[in-house]
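Coordinates in review
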Amino acid sequence: FRTLGDYGVRHMYVDKASLEARGLTADDLIAVAWEDWETEEEVENIVEVMEADAMSDLLDQHDVVFSF
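Residues numbered from 1 in each chain as written. Predicted model: local features only at pLDDT ≥ 70, side-chain atom pairs only at ≥ 80, totals over all residues. Heavy atoms only, no water.

Our next topic: the pattern of salt bridges. A complete count under the given rule lists two salt bridges for this structure. For R10, the salt bridge identified is with E41, shortest N-O distance 3.5 Å. Residue R10 is found in the segment before β1 (12–15), and its partner E41 is found in the loop between β2 (34–35) and β3 (42–43); the two are separated by 31 residues along the sequence. Close ionic contact of E51 with K16 constitutes a salt bridge, the shortest N to O distance being 3.4 Å. Here E51 is found in the loop between β4 (47–50) and α2 (52–60), whereas its partner K16 is found in helix α1 (residues 16–21), with 35 residues between them in sequence. For K16, a relative accessible area of 33% translates into the label partly exposed. (Salt bridge = Lys/Arg side-chain N within 4 Å of Asp/Glu carboxyl O. Helix = DSSP H or I, 4+ residues; strand = E, 2+ residues; numbered from the N terminus. Buried < 20%, exposed > 50% of the residue type's maximum accessible area, 1.4 Å probe, protein only.)

Listed in full, the five residues of the largest apolar core are M12, V32, W34, I46 and V47. Discounting residues that sit within four places of it in the chain, M12 has contacts with F1, L4, V32, I46, V47 and E48. (Core = buried A, V, L, I, M, F, W, Y, C linked by side-chain atoms within 4.5 Å. Contact = heavy atoms within 4.5 Å.)

Before going further, it helps to spend a moment on a nonpolar patch on the surface. Residues F1, I30, V64, F66 and F68 make up a contiguous nonpolar surface patch of roughly 650 Å² in combined accessible area. With respect to the helices, strands and loops of the structure, V64 is situated in the segment after α2. Residue class for V64 comes out exposed when judged on its relative accessible area of 58%. (Patch = residues over 30% accessible without salt bridge, like charges linked within 9 Å, V, L, I, M, F, W, Y side chains within 5 Å. Areas by Shrake-Rupley, 256 points an atom, 1.4 Å probe, with all protein chains shown as cover.)

For the rest of this paragraph, the subject is the environment of V9. Its place among the elements puts V9 in the segment before β1. When the C-alpha atoms of V9 and A33 are compared, they prove to be 9.6 Å apart, with 24 residues separating the residues in sequence. Residues within four places of V9 in sequence aside, it is in contact with L4, W34 and I46.

What follows is the structure, encoded as structure tokens:
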């Protein structure tokens, strides 16, 4: 998953309840960096843990969703 930032993926979202069901926390996740080579804009970690209701709202706003 770390290389997704190299392919233009700018956001990755993780459901908090799914983490907790597996005995994990945000600290257990790897950081995925993103950098725009043209503008030199950088983000150290594009992974965001979200509550279920916020995740549902976000999914409803998009036409395409990849689930891993």
